[in-house]
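Summary of structural features
Chain by chain, the residues run as shown.
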Amino acid sequence: MPLIGYARVSTEDQTPLPQSQALKSAGCVEIHEEQASGGNRARPVLARVLERIGKGDTLVVVRIDRLARSLSHLLEVIERLEAKNAFFRSLTDPIDTSSPQGKFTLQVLGAAAEFERALIRERTKAGLASARTKGRVGGNPGLRARDPAALRKVRLARQDGYMERLNETAQDWVPHVRRLRPDLAWEDVVRIVNGPLPHERQWTQSRLLRAVNAYVRDGFLPTTVLDRAGRRETDDRLPAIVAAIKGADPEITLQAICTRLEAMRERTPRGRTSWQPSSVKMLLERAERLGMLA
């Protein structure tokens, strides 16, 4: 099972060489280096690694803080790996999700994170209740007075918060939208985006459209992704979908594409729910003839 190394430093003054050497000594066949803040979840190198990593691969770091600075981000990355039947390992921490001990450590971390969130909720409720008993009313005085400057400030803060949340998930959908639109209809794009994601992180079409519009507005995506999709012949639709899946991961196997299509609840050309590698191979060959494969 291939070991994929990831090394990160925060500033240009630092060097990832010690991390890379440790990862190489651990047997990593690939090592990806990045210079970025650990608090930034939208790191391009990490996003590419998570997109390309395949079934049975293991993402390896020297220490947990090289991958994530918060427990929630760490668990999010591991969930993405588990959705691809891949694993995570830290050389200096007791986490290796391919082993029972590592999985147990991860479960303990998840329980601790949930306990921390529960404590924060309880402290917040107690603080609000105490303030009410003393006659203090929560909220912004400017908002209660409908002050235009206060309303504008809140609106901008909400937009910033929304964009920050989008940036945390950008690696899930931006590459697909950039590659598939406007050639494929939004309905098919959403299904392709959701294919490798766990249920709780899947997108609705309306949510994805809102996110894409926000990225187009801020210049992160070209306006052409919002163009109307051209009409496609019925028998060209499946080759286009299979080509899109293959394009996102050129190393993906025929069986893995079958699994992805079944997760998308896409029916075979004969209307069946179970896919076979031979059917996928036939569609890929048709996609190549139609010029859908790069």
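The name recorded for the protein chain in an unreviewed UniProt entry is Recombinase family protein, from Tabrizicola piscis. Taken directly from UniProt, the Sequence similarities (unreviewed entry) text for the protein chain runs: "Belongs to the site-specific recombinase resolvase family."

Residues annotated in UniProt with the feature "active site" (unreviewed entry) correspond here to S10. Inspection of the secondary structure puts S10 in the loop between β1 (3-9) and α1 (17-25). Excluding anything up to four places from it in sequence, S10 contacts Q35, A36 and R69.

The next point concerns the packing of aromatic side chains. Considering all chains together, one arrives at three aromatic pairs under this definition. Here the aromatic cluster, defined as three or more aromatic residues joined through ring pairs, consists of W173, W203, Y215 and F220. Note that R207 overlies the ring of W203, its terminal NZ or CZ placed 4.3 Å from the centroid.

With that settled, consider the sheet that holds β1. The four strands are arranged β2-β1-β3-β4 in an open sheet whose pairing can be described as parallel. Edge positions in the sheet fall to β2 (30-35) and β4 (87-90), since each has one partner strand and no second. Between one strand axis and the next, the sheet turns through 25° on average, direction left out of account. The pairing of strand β3 (residues 58-61) with β4 spans four bridges and is classified as parallel. Across the sheet, the residue bridging to V61 is S90, located in β4. Packing of helix α2 (residues 44-52) onto the sheet brings it into contact with β1, β2 and β3, and relative to β2 it is tilted by some 150°.

Procedures and definitions
- By convention here, each chain's residues receive numbers from 1 onward along its written sequence.
- Reporting of local features is limited, given that this is a predicted model, to residues whose pLDDT is at least 70; pairs of side-chain atoms are given and counted only at 80 or more, and all residues count toward the totals for whole chains, interfaces and linings.
- To obtain the side-chain values, all non-hydrogen atoms of the structure were used and water was disregarded.
- UniProt positions are given in the numbering used here, feature names are shortened, and annotations may be inferred rather than shown by experiment.
- Only DSSP runs of H or I with at least four residues qualify as helices, and only runs of E with at least two residues qualify as strands; both kinds are numbered from the N terminus onward.
- By definition, residues are in contact when any of their heavy atoms lie within 4.5 Å.
- In this analysis, rings of Phe, Tyr and Trp, with Trp reduced to its six-membered ring, are considered paired at centre separations within 6.5 Å, and the interplanar angle assigns stacked below 30 degrees, edge-to-face beyond 60, and tilted for intermediate values.
- Working rule: Lys NZ or Arg CZ, within 6 Å of ring centre, within 35 degrees of ring normal, means a charge sits over the ring.
- Any two strands are treated as partners once DSSP identifies two or more bridges connecting them.
- The angle between two axes is taken between their N-to-C directions and runs from 0 to 180 degrees, where each axis is a line fitted to C-alpha atoms and a helix contributes only its stretch in contact.

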